Amino acid sequence: MLYVSILASLLTLAGSARAQDFAGSLPARLSLGAALELLRTRGYDVLLAEATTQAVSAQLTQAQAVQNPQLNAGVGAAFCPGCSALPWTVGVSDQGGLTNALFGKRRLRVDVAKAALAAARFARADALRVLEFQLKAQYTEVAVAERVLSFAVEVENVYNEVLKLTRIRWNAGAISEAEVAKAQTAELEAAQDVTSAEQGVEMSKAQLAFLLGVRGALPVFAIESELLDRAAPGALASASPAALLRIAYEQRADLKAVHATVQGAQIATRLAERTRTPDVALSLQGSGQGTGRSAISPPMLMFGVTVTPPLLYQSQGEISFARAQTRQAELEQGKLEAQVAQDVNLAFASYTATKRRLERMQSGLLESARRARDLVRIQYEKGAASLLELLDAQRTFITNNLEYLRDVADFRISVFQIEQAVGREMSQ
């Protein structure tokens, strides 16, 4: 009991130390590349997939093992007058190991385990594909949240200037106190927007830190918001759904995993059918009592064969189950191939739509909203426009800018979505 307690304490301390290593270990400036490297080494789902792969690898080791021989020995006593020599027996059996190898059962079991290991490794790669998209999308959300915060601060400063100007005009008797109240309300709403934007930054960073395996307090870190300014990969300029789908069928790890699963199920069916051939155990047995001509039972050596003939049951259940598993795996493969096509089509549709929206914003909509706001502001300063007109122009300007930032984020995420759908970086 004392040893168990000490071992449990050591494991608890090791777990606490490991948790401390993870907590707060993000770099002060976290690039997207560095974030991806952290994800690959300590993301929760990546670690879980790695543990699953190790478990399946152990099953392969088990399948590759050669059957241990069975040894037996015995000694006794003879209850008869004058029988002083002890009777003895010794024996060895291969427990069907030799015939298992000759009939190919061991090889089939190894092949099934190898297919399962290949499927597990591809499943790990596919989990990483999905997680990398989630990380890239969340990193983009942090970047756009910081841009929204910067814009909210800029808007708050503008409303502060409008409030000052409005008070000056009220003091001069040019407007009513109601106009001042409207300007003050707009300024307070802008302050509220700044607070909401600050909360948005913290929440998006917390979600990013969770994906990176942070297990303690949220560390202070900055990201590279320049990600939002990058152009789309050149490979997407001439891309089409058909071309992207060909890449996906070649690259997607989940497709490779299901192919390995189908292969393993087919081998398992052959193994189940092979079990109708009974295992044959070979044995060698020696026995005797006494030695020489006076031996009650002289030493003898016997060769034996043990077999269980399939007279009443021929593994029909195992065979039917294996065939059903194969059919199920083949159906899953067909369903996944259809899902891959849908993923590519949806990702490409999202990319083209967000690209058009972003180009429309950049081609003149943003500048038109800014120019309209600036002109109305000049008119308001000269008394040629009302505060209501200025606030309306300012709200239109704010709406268009926030929509633009959302379009930028959606466009960048749509690029990542295509990369997730095809299973590789499009810059390659």
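Look up: the structure comes first, before these words.
A brief structural summary. (Residues numbered from 1 in each chain as written. Predicted model: local features only at pLDDT ≥ 70, side-chain atom pairs only at ≥ 80, totals over all residues. Heavy atoms only, no water.)

For the protein chain, the count of helices and strands is 10 helices and 6 strands. Here the protein chain has a C-alpha radius of gyration of 37 Å; the compact-globule value for 428 residues is 22 Å, and the former is much larger. Residues classed as buried in the protein chain amount to 37% of the 428 residues present. Sequence-distant contacts in the protein chain: of pairs separated by 6 or more residues, those separated by 24 or more amount to 80%. When the accessible surface of the protein chain is totalled, it reaches about 24000 Å², and 58% of it is carbon and sulfur. Taking the average location of the 44 positive side-chain charges in the protein chain and that of its 43 negative ones, the two points are 9 Å from each other. (Helix = DSSP H or I, 4+ residues; strand = E, 2+ residues; numbered from the N terminus. Rg over C-alpha atoms; globule rule 2.2 N^0.38 Å. Buried < 20%, exposed > 50% of the residue type's maximum accessible area, 1.4 Å probe, protein only. Contact = heavy atoms within 4.5 Å. Areas by Shrake-Rupley, 256 points an atom, 1.4 Å probe, with all protein chains shown as cover. Lys, Arg positive; Asp, Glu negative; His and termini not counted. Charge placed at Lys NZ, Arg CZ, Asp CG, Glu CD.)

On to the pairing of strand 2 (residues 70–75). Burial runs low along strand 2: only 0 of the 6 residues are buried. By the bridge criterion, 6 bridges tie strand 2 to strand 3 (residues 87–93) in an arrangement that is antiparallel. Within strand 3, the residue paired with Gly74 across the bridge is Thr89. (Pairing = 2+ DSSP bridges.)

Next up on the list: the layout of surface pockets. One number sums up the size of the largest pocket: a volume of about 520 Å³. Lining the largest pocket are 27 residues; nearest its centre among them are Gln59, Ala63, Arg109, Val112 and Ala113. Within the residue set of the lining of the largest pocket, elements represented by two or more residues are helix 3 (44–64), helix 4 (97–102), helix 5 (105–171), helix 8 (253–274) and helix 9 (316–381). Of all the elements, helix 5 adds the most residues to the lining of the largest pocket, at 6 residues. Here the lining of the largest pocket is built from residues that sort into 16 nonpolar, 9 polar and 2 charged. Computed from the structure, the second largest pocket encloses a volume of approximately 260 Å³. What lines the second largest pocket is a set of 16 residues, among which Ala125, Arg129, Glu132, Gly423 and Arg424 lie closest to the centre. If you list the elements that add at least two residues to the lining of the second largest pocket, you get helix 5, helix 8 and helix 10 (387–422). If one sorts the elements of the lining of the second largest pocket by residue count, helix 5 sits on top with 7 residues. Residue composition of the lining of the second largest pocket, grouped by class: 6 nonpolar, 3 polar and 7 charged. (1 Å grid on protein atoms, 1.4 Å probe; cavity = no way out; pocket = protein on both sides within 12 Å on 5 of 7 lines; lining within 4 Å. Points joined across faces, edges and corners; volume = space filled by probe spheres on them. Nonpolar A, V, L, I, M, F, W, Y, C, P; charged D, E, K, R; others polar.)

Attention shifts here to the packing of helix 7 (residues 241–251) against helix 8. Each packed pair of helices is defined by two parameters, the angle between the axes and the distance between the axes. Relative orientation of the contacting elements helix 7 and helix 8 amounts to 50°, with a least axis distance of 6 Å. Taken as axis vectors, helix 7 and helix 8 run oblique relative to one another. Where helix 7 abuts helix 8, its residues Ala248, Tyr249, Glu250 and Gln251 lie against Ala253, Leu255 and Lys256. Here the residues of the contact of helix 7 with helix 8 sort into 4 nonpolar, 1 polar and 2 charged. (Axes fitted to C-alpha atoms, helices over the stretch in contact; angles between N-to-C directions. Parallel < 35°, antiparallel > 145°, perpendicular 65-115°, else oblique.)

Moving on to the pattern of salt bridges. For the coordinates displayed, the defined rule picks out 23 salt bridges. The closest approach of N and O atoms between Asp279 and Lys105, which form a salt bridge, is 2.7 Å. Residue Asp279 is found in the loop between helix 8 and strand 5 (280–289), and its partner Lys105 is found in helix 5; the two are separated by 174 residues along the sequence. According to the relative accessible area criterion, Lys105 is buried, its value standing at 4%. (Salt bridge = Lys/Arg side-chain N within 4 Å of Asp/Glu carboxyl O.)

A word on the packing of aromatic side chains. Both the distance between ring centres and the angle between the ring planes are used here to describe each pair of aromatic rings. For the structure on display, the rule yields 3 aromatic pairs. Arranged with centres 6.4 Å apart and planes meeting at 40°, the rings of Phe348 and Tyr351 form a pair that is tilted. Taken together, the residues span about one helical turn, with Phe348 and Tyr351 both in helix 9 at a distance of 3 residues. The same class applies to Phe348 as to Tyr351, namely buried. Grouping aromatic residues by their ring pairs yields a cluster made of Phe348, Tyr351 and Phe411. Residue placement shows Arg412 over the ring face of Phe416; its charged tip is 6.0 Å from the ring centre. (Phe/Tyr/Trp six-rings, centres within 6.5 Å; stacked < 30°, edge-to-face > 60°. Lys NZ or Arg CZ within 6 Å of the ring centre and 35° of its normal.)

Position of Asp407 relative to the elements: it lies in helix 10. Ignoring anything within four residues of it in the chain, the contact list for Asp407 reads Arg357, Leu358 and Met361.

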